[in-house]
Amino acid sequence: MSADYGHDHHDDHHASPWGPHDWSHGAPHNSFAPLIMSAGFAMFLYGFANVFIGGEVADLGALSGVMLGLIIITMGLLVWWRQDMSADGIYEPKATGAPFRNIDIRKVSMWIFLMSEMMVFTSLFSTYIRYRLGIQNCGEVFLSGEWVEGTSVVCFEPAAHLIASSWFHLAPGAVNTFALIISSFTIVLALKTAKMSDKKYADKYEIDMERVRTHRSRKVAMFLGSTLFLATLFLTLKMIEWFIGFPTPGPLTDLNHGHSEIASLYSEGYTIHANSYQHYAYDTSYHDGHDIPHDSALYSMMQAGTHPGGVMMADIRVGASTFFVTTGTHGVHVLAGMIGLAYMTLKALRGGYGPSNAVSIEYFGLYWHFVDLVWVLVFPFFYLF
Amino acid sequence: MAHYTIFGKDPYWMNFWGLMILTAIEVAAVGVELGDTITMSILIGIAIPKFIMIAAIFMHLYGDADSKILTMTALFPAFFIIVMVFFIGLTSPGSATELPAWCRPGYWT
């Protein structure tokens, strides 16, 4: 006996540009919805770029553009959902033209979508590189002695200077890296479990064929749920890192420069409108106990009495903006994945996945692995260096 | 799904443990003060294999019937990435003043 997974019955469907697709007659699932959403995204991003200045809402016209953009995106999503929600993932239209002939259209589409995503993140990375190399590093400015206490200097302050300054600051980012790798693996396990033939599954878990469907559903839901949990952990730790902070375990306080709390980036003043940022490393009195490098210009100037020392204030808005925009864009992708995972977990619990439609998990997995892939680059270059 | 093994073991498990170990080395390399150049070299040296391992094994760009064409598809943006990183990101690295005024700090205040 073969289990019946995820079959929907949709004999009454009629092909319509806006309504549910006619899956039973093999209609291609072309849709206007992505075009609508693209227009919405364009309006949202254009408005969003103009709405805030210095952390304040500066342009109500732009704000209405943001709201209208969000409404259009939501409408596009609803149309898309209505058209595709009837798909059971069993009927897979194949590409007919070169070079993708006979490959599932959904698979090709996902890869083309990921290509556009690569371009998005590449633009963020090239912006980061351009600014990081184009604006003098705050650490170098400090050691050059070309600053006066009380006057802010424009320089690039990588978030890594703060985050990698102690194991505690680094902890949320490091845990998140492991969480994403594990989540990439759990989604592979969900796919493997869903794809296994009923006979093989029954043999592997030594159960009767009648129990395969229920057993498999629970297992797939467990792996998808684990992925969802790890994604939630990722965003929670990101919020802790950005806005909340956490206490240092008592005996380890000494390792945190004597502080009993790991401050969030926000509390440390690392924000997109920080024009007078003061990191402890830019405090010459702090450096009395930590040695300013003797070959630095600042040391020579202080020795010669031509520099009074003090605390350097820095305008770090560019560095902070590149950090928050890049890691924030990645976070939005994690959030989008969580919505997909929540739906898929519920579907799995209802017996929605089996060997005939497991590719749906594979195609979502491509997106999820891509999110992991981006983090593989974001973590070292934004958090560690 | 993969129809091959790595050292006789399931490729997904091997890939998973490989990624975990590389990440642990990456984090440790930052904790041990080795200097900027060495640290950067280690980070790049680890990011590249991690990137390839995820793409090739988890995303099935290796070992499937359609892996070749999909790898070519995935690499297609590489041209634009090279242009953006090398000809925009790395141009005139010493000069912040060459950035357009609207890109520079202070313009929007």
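The model shown is predicted, which means the values in this text are computed figures rather than measured ones.

## Some points on the overall build of chain B
Logical step 1: Along chain B, the regular secondary structure elements total four helices and zero strands.
Logical step 2: The order of helices and strands in chain B, counted from the N terminus, is α-α-α-α.
Logical step 3: Across the 109 residues of chain B, 39% fall into the buried class.
Logical step 4: By sequence separation, contacts in chain B at least 24 residues apart represent 50% of the contacts at least 6 residues apart.

## A look at helix α8 (residues 212–244) of chain A
Logical step 1: Along its 33 residues, α8 of chain A runs 45 Å from first to last C-alpha, staying within 8% of the 48 Å computed at 1.5 Å per residue.
Logical step 2: Two residues or fewer after α8 of chain A comes G245 of chain A, characterised by a positive phi angle close to 80°.

## Notes on unusual backbone geometry
Logical step 1: Cis peptide bonds are those with omega within 30 degrees of zero, and the linkage from A98 of chain A to P99 of chain A qualifies with 5°.
Logical step 2: With respect to the helices and strands, P99 of chain A occurs in the loop between α2 (60–84) and α3 (105–134).
Logical step 3: Of note in the backbone geometry, F7 of chain B takes a positive phi value of approximately 50° without being a glycine.
Logical step 4: Mapped onto the secondary structure, F7 of chain B falls in the segment before α1 (11–31).
Logical step 5: Residue classification places F7 of chain B among the exposed positions, given a relative accessible area of 77%.

## Points about the interface of chain B and chain A
It is common to give the size of an interface as the accessible area that goes away when the parts come together.
Logical step 1: On the chain A side, the residues contacting the 55 residues of chain B number 50 residues.
Logical step 2: For the pair chain B and chain A, the summed buried surface comes to about 4900 Å²; carbon and sulfur atoms form 81% of the total.
Logical step 3: In this structure, the connection of chain B to chain A is made through two salt bridges.
Logical step 4: Note that D66 of chain B and K107 of chain A form a salt bridge whose closest N and O atoms lie 3.0 Å from each other.
Logical step 5: In this structure, the connection of chain B to chain A is made through four residue pairs in polar contact (both at pLDDT 80 or more).
Logical step 6: The set of elements that each furnish at least two residues to the side of chain B that touches chain A consists of α1, α2 (36–58), α3 (67–75) and α4 (78–89) of chain B.

## Digging into the packing of helix α6 (residues 167–195) of chain A against α8 of chain A
Residue and element names in this part refer to chain A.
Logical step 1: Here α6 crosses α8 at 165°, and the two axes come no closer than 9 Å. By the angle between their axes, α6 is roughly antiparallel relative to α8. For the crossing formed where α6 meets α8, the hand is left-handed.
Logical step 2: Of the residues contributing to the contact of α6 with α8, the split by class is 16 nonpolar, seven polar and five charged.

## Looking at the state of the cysteines
Residue and element names in this part refer to chain A.
Logical step 1: Scanning the entire structure with this criterion turns up one disulfide over all chains.
Logical step 2: One disulfide in the model links C138 with C155; its S-S distance is 2.0 Å. The S-S bond linking C138 to C155 shows a torsion near 90°; that makes this disulfide right-handed. With C138 in helix α4 (residues 138–144) and C155 in the loop between β3 (153–154) and α5 (159–163), this pair connects stretches of sequence that are 17 residues apart. With respect to burial, C138 and C155 carry one shared label: buried.

## A few points about the packing of aromatic side chains
The description of an aromatic ring pair rests on the distance of the ring centres and on the angle between the ring planes.
Residue and element names in this part refer to chain A.
Logical step 1: Considering all chains together, one arrives at 32 aromatic pairs over all chains under this definition.
Logical step 2: Centroid distance F323 to Y383: 5.5 Å. Interplanar angle 55°. Geometry classified as tilted. With F323 in helix α11 (residues 317–349) and Y383 in helix α12 (residues 359–384), the pair connects residues that are 60 residues apart, well separated along the chain. Accessibility classification places F323 together with Y383 in one group, the buried group.
Logical step 3: Linked through ring pairs, F234, W242, F243, Y266, Y270, Y277, F323, F324, W375, F379 and Y383 together constitute an aromatic cluster.
Logical step 4: The aromatic ring of Y201 is capped on one face by R216, whose charged end is 4.8 Å from the ring centroid.

## What to know about the packing of α8 of chain A against α12 of chain A
Residue and element names in this part refer to chain A.
Logical step 1: Two elements in contact, α8 and α12, have axes whose closest approach is 14 Å; the angle formed by their N-to-C orientations is 30°. Here α8 is positioned roughly parallel relative to α12, judged by the angle of their axes. For the pair α8 and α12, the sense of crossing is left-handed. Contacts from V220, L224, T227, A231, F234, K238, E241 and W242 in α8 reach I361, W368, W375 and Y383 in α12.
Logical step 2: Residue classes in the contact of α8 with α12 are distributed as nine nonpolar, one polar and two charged.

## Observations regarding a nonpolar patch on the surface
Logical step 1: Residues F76, F79, F80, I82, V83, F86 and F87 of chain B make up a contiguous nonpolar surface patch of about 730 Å² in total accessible area.
Logical step 2: Within the secondary structure, F76 of chain B is located in the loop between α3 and α4.

## Observations regarding the confidence of the model for chain B
Reading fine detail from the predicted coordinates is not recommended where pLDDT is low.
Logical step 1: The predicted model of chain B has a mean per-residue pLDDT of 82, with 83% of residues at 70 or higher.
Logical step 2: Per the prediction output, this complex has pTM 0.87; the corresponding ipTM is 0.85.

## Re the pattern of salt bridges
Logical step 1: Applying the stated rule across the entire model yields nine salt bridges over all chains.
Logical step 2: K94 of chain A serves as the salt-bridge partner of D104 of chain A, at 2.6 Å between the closest nitrogen and oxygen. Here D104 of chain A is found in the loop between α2 and α3, whereas its partner K94 of chain A is found in the loop between α2 and α3, with 10 residues between them in sequence.
Logical step 3: What you see here is one network of salt bridges that share partners, running through K107, K195 and E362 of chain A together with D66 of chain B.

What counts, and where the lines are drawn
Residues numbered from 1 in each chain as written. Chains lettered and ligands numbered in written order. Predicted model: local features only at pLDDT ≥ 70, side-chain atom pairs only at ≥ 80, totals over all residues. Heavy atoms only, no water. Helix = DSSP H or I, 4+ residues; strand = E, 2+ residues; numbered from the N terminus. Buried < 20%, exposed > 50% of the residue type's maximum accessible area, 1.4 Å probe, protein only. Contact = heavy atoms within 4.5 Å. Expected span 1.5 Å × (residues − 1). Buried area = accessible area lost by both parts, 1.4 Å probe. Salt bridge = Lys/Arg side-chain N within 4 Å of Asp/Glu carboxyl O. Polar contact = N/O pair within 3.5 Å; in protein donor to acceptor, adjacent residues only side chain to side chain. Axes fitted to C-alpha atoms, helices over the stretch in contact; angles between N-to-C directions. Parallel < 35°, antiparallel > 145°, perpendicular 65-115°, else oblique. Left-handed = near helix turned anticlockwise from the far one by under 90°. Nonpolar A, V, L, I, M, F, W, Y, C, P; charged D, E, K, R; others polar. Disulfide = S-S within 2.5 Å. Phe/Tyr/Trp six-rings, centres within 6.5 Å; stacked < 30°, edge-to-face > 60°. Lys NZ or Arg CZ within 6 Å of the ring centre and 35° of its normal. Patch = residues over 30% accessible without salt bridge, like charges linked within 9 Å, V, L, I, M, F, W, Y side chains within 5 Å. Areas by Shrake-Rupley, 256 points an atom, 1.4 Å probe, with all protein chains shown as cover. pLDDT = per-residue confidence, 0-100.

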